[in-house]
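The lines below spell out each chain.
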Amino acid sequence: MATDLEMRAKEAFVDDNFDLAVDLYTQALDVDPKNADLYADRAQANIKLGGFTEAVADANKAIELDPSMTKAYLRKGTACIKLEEYQTAKAALEAGVLLAPGDSRFTKLIKECDERIAEEKISLSKKVMPNAPPTTMSLSSDTTIEDVNSSHPTHGPPNQTKETPNKPKFRHDYYNTPTEVVLTIFAKGIPAENVTVEFGEQTLSVTIDSLGEEYHFQRRLFAKIVPANCRYQVLSTKVEIRLSKAETITWTSLEYSGKAAPQKINTFLATKPQRPSYPSSKSKVDWDKLEAEVKKEEKDEKLDGDAALNKFFQDIYKDADEDTRRAMSKSFVESNGTVLSTNWREVGLKKVEGSAPDGMEIKKWEY
């Protein structure tokens, strides 16, 4: 049945009926959810519809299922370029060109990424970066609980989301600091290994496996972030995600709205003299002190087991150079999580095979 749906989806795509193609690919994935080709082909249909965020999610899933699938890297790179995430696009395209060295499509798009990245650097160098003001936490609450499932993409502007029924739902909230946006997803009692977080230049993808059902939180963010400086932590009652801002601006929402970004924080306004306070004046919250206390609690919190191991690997990745990060990502994906190498010269030349612990063996399961 999945094969018949796939053939009909391909026919719809050729006929430029991309909405129908996406719908048929989705039905086929319901029957065969481990088919990497279906995810890669649905990514292409989503690109045609302008659903670039959904296309990236589909391409990521295809790469997860089949790290050697060339077209998945190409479609992820294409979608990321459309989202103006040139660094992420370049990383995907460079991984793909290693699998297909003679494919000129990769080299052409990599060249385009290099040009765009250079333009961004020139543009940023012309801007005057103000000093960050004292920490001010701007609390904002998202009262609508949205559960975005990549198996049901939104046909419309890439920043829109769609709620899928009969799936786990968790409340989320966020607040601003001058350098970060702190997002909290209130998922209680979730093991750390059941949480996957992917940071793009302006996208965030969170997957939580709750009792066999997946919760997807996928957004095109309000502004660009620095993926290498972003981090997350799985606690007993929540998942806390810290998004490092690329620019010191206040996010008025969590999601990209298409409107012009607000001006950078003006330090002159932040440092203007305050009115004298009198004994009868209402006391104000010392946000600097509060943030320092929170950071101290986080630092003092002792992790063990998988949480400690995850933090150890995150610290290595955070402080590593670009080649080391590429080596870690490629070896981890290709070995299905059994090998983590930091030697790009060795990893970049061949596919990384899985390595089972002593006393165990790797088995390939048939679905």
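Along each chain, residues carry numbers from 1 onward, in the same order as the chain's sequence is written. At least 70 in pLDDT is required for a residue's local features to be given in this predicted model, at least 80 for side-chain atom pairs to be given and counted, and no such filter applies to totals for whole chains, interfaces and linings, which use all residues. The side-chain figures draw on all heavy atoms in the structure; neither hydrogens nor water molecules are used.

For the protein, the name recorded in an unreviewed UniProt entry is Protein SGT1 homolog, with Musa troglodytarum as its organism. In UniProt, the protein has this text filed under Sequence similarities (unreviewed entry): "Belongs to the SGT1 family." UniProt positions are given in the numbering used here, feature names are shortened, and annotations may be inferred rather than shown by experiment.

Visitor: I'm lost on the overall build of the protein in this one. Help?
Guide: The way it works is that DSSP assigns letters per residue, a run of H or I at least four long becomes a helix, a run of E at least two long becomes a strand, and they are numbered from the N terminus. Helix and strand counts for the protein stand at twelve helices and eight strands. Residue exposure (1.4 Å probe, protein chains only): buried if accessible area is under 20% of the type maximum, exposed if over 50%, otherwise partly exposed. A burial count over the protein gives 41% of its 367 residues as buried. Any pair of residues with heavy atoms lying within 4.5 Å of one another is described as a contacting pair. Counted over contacts in the protein with a minimum sequence separation of 6, partners at least 24 positions apart contribute 56%. Of the roughly 21400 Å² of accessible surface on the protein, a fraction of 51% belongs to carbon and sulfur atoms. Throughout, the Shrake-Rupley method with a 1.4 Å probe supplies accessible areas, and for residues the shown protein chains are the sole cover considered.

Visitor: For this particular structure, what's the right way to read the environment of Thr 324?
Guide: Secondary-structure assignment places Thr 324 in helix α11 (residues 322–334). A C-alpha to C-alpha distance of 6.3 Å links Thr 324 and Asn 343, two positions 19 residues apart in sequence.

Visitor: Can you walk me through the pairing of strand β8 (residues 239–244) in this structure?
Guide: Along any regular strand, the residues point their side chains to alternate faces of the sheet. Among the six residues in β8, six count as buried, and that is most of the element. Residues Val 239, Ile 241 and Leu 243 of β8 are buried on one face, and the alternating residues Glu 240, Arg 242 and Ser 244, pointing to the opposite face, are buried as well. By this definition, two strands are paired if DSSP reports at least two bridges between them. Two elements, strand β3 (residues 180–185) and β8, share six bridges in a ladder whose sense is antiparallel. Following the sheet pairing, Val 182 is matched in β8 by Arg 242. With antiparallel pairing between neighbouring strands as the criterion, strand β7 (residues 231–234) and β8 make up a hairpin whose turn holds four residues.

Visitor: Looking at this structure, I do not really get the environment of Ser 331. What am I missing?
Guide: The residue Ser 331 is located in helix α11 in this model. Spatially, the C-alpha atom of Ser 331 lies 8.9 Å from that of Gly 354, the residues being 23 residues apart in sequence. Residues within four places of Ser 331 in sequence aside, it is in contact with Val 339, Leu 340, Ser 341, Val 347 and Val 352. Pairs of N or O atoms within 3.5 Å make up the polar contacts considered here, provided that, within protein, one atom can donate a hydrogen while the other can accept it, and that residues adjacent in sequence are counted only when both atoms are side-chain atoms. Of note is the side chain of Ser 331, whose polar atom sits 3.1 Å from the backbone oxygen of Met 328. Only 2.9 Å separates the side chain of Ser 331 from the backbone nitrogen of Ser 341, close enough to count as a polar contact.

Visitor: Would you mind going over the nonpolar core with me for this structure?
Guide: The nonpolar side chains of a soluble globular protein tend to be buried, and buried together. Among buried residues, the Ala, Val, Leu, Ile, Met, Phe, Trp, Tyr and Cys ones that are joined through side-chain atoms within 4.5 Å form a nonpolar core. Judged by nonpolar contacts, the single largest core of 39 residues is most densely connected at Ala 62, Met 69, Ala 79, Ile 81, Leu 93 and Phe 106. Elements that contribute at least two residues to this core include exactly α1 (2–14), α2 (18–31), α3 (36–49), α4 (52–65), α5 (70–82), α6 (86–99) and α7 (104–125). No other element matches α3, which puts seven residues into this core. Residue contacts for Ala 79: discarding those within four places in its chain leaves Ile 47, Phe 52, Ala 55 and Val 56. Membership of the second largest hydrophobic core comes to 27 residues, among which are Ala 187, Leu 204, Val 206 and Tyr 215.

Visitor: Before we go on, may I ask you to explain the pattern of salt bridges in this structure?
Guide: As a working rule, side chains carrying opposite charge can pair if their charged atoms are close by. When a carboxyl oxygen of Asp or Glu lies within 4 Å of a side-chain nitrogen of Lys or Arg, that pair is called a salt bridge. Overall, the coordinates contain 20 salt bridges when judged by the stated rule. Where Lys 224 meets Glu 120, a salt bridge forms, and the shortest distance between an N and an O atom there is 2.4 Å. You can see Lys 224 sitting in the loop between β6 (213–220) and β7 and its partner Glu 120 sitting in helix α7, a full 104 residues away along the chain. Taking the relative accessible area as the measure of exposure, Glu 120 reaches 26% and is therefore partly exposed. The salt bridge partner of Glu 180 is Arg 242, with a shortest N-O separation of 2.8 Å. Residue Glu 180 is located in strand β3, and its partner Arg 242 is located in strand β8; the two are separated by 62 residues in the primary sequence. The exposure class of Glu 180 is buried, given its relative accessible area of 10%. Beyond isolated ion pairs, a larger network of salt bridges with shared partners links Glu 6, Lys 10, Asp 37, Asp 41, Lys 71 and Arg 75.

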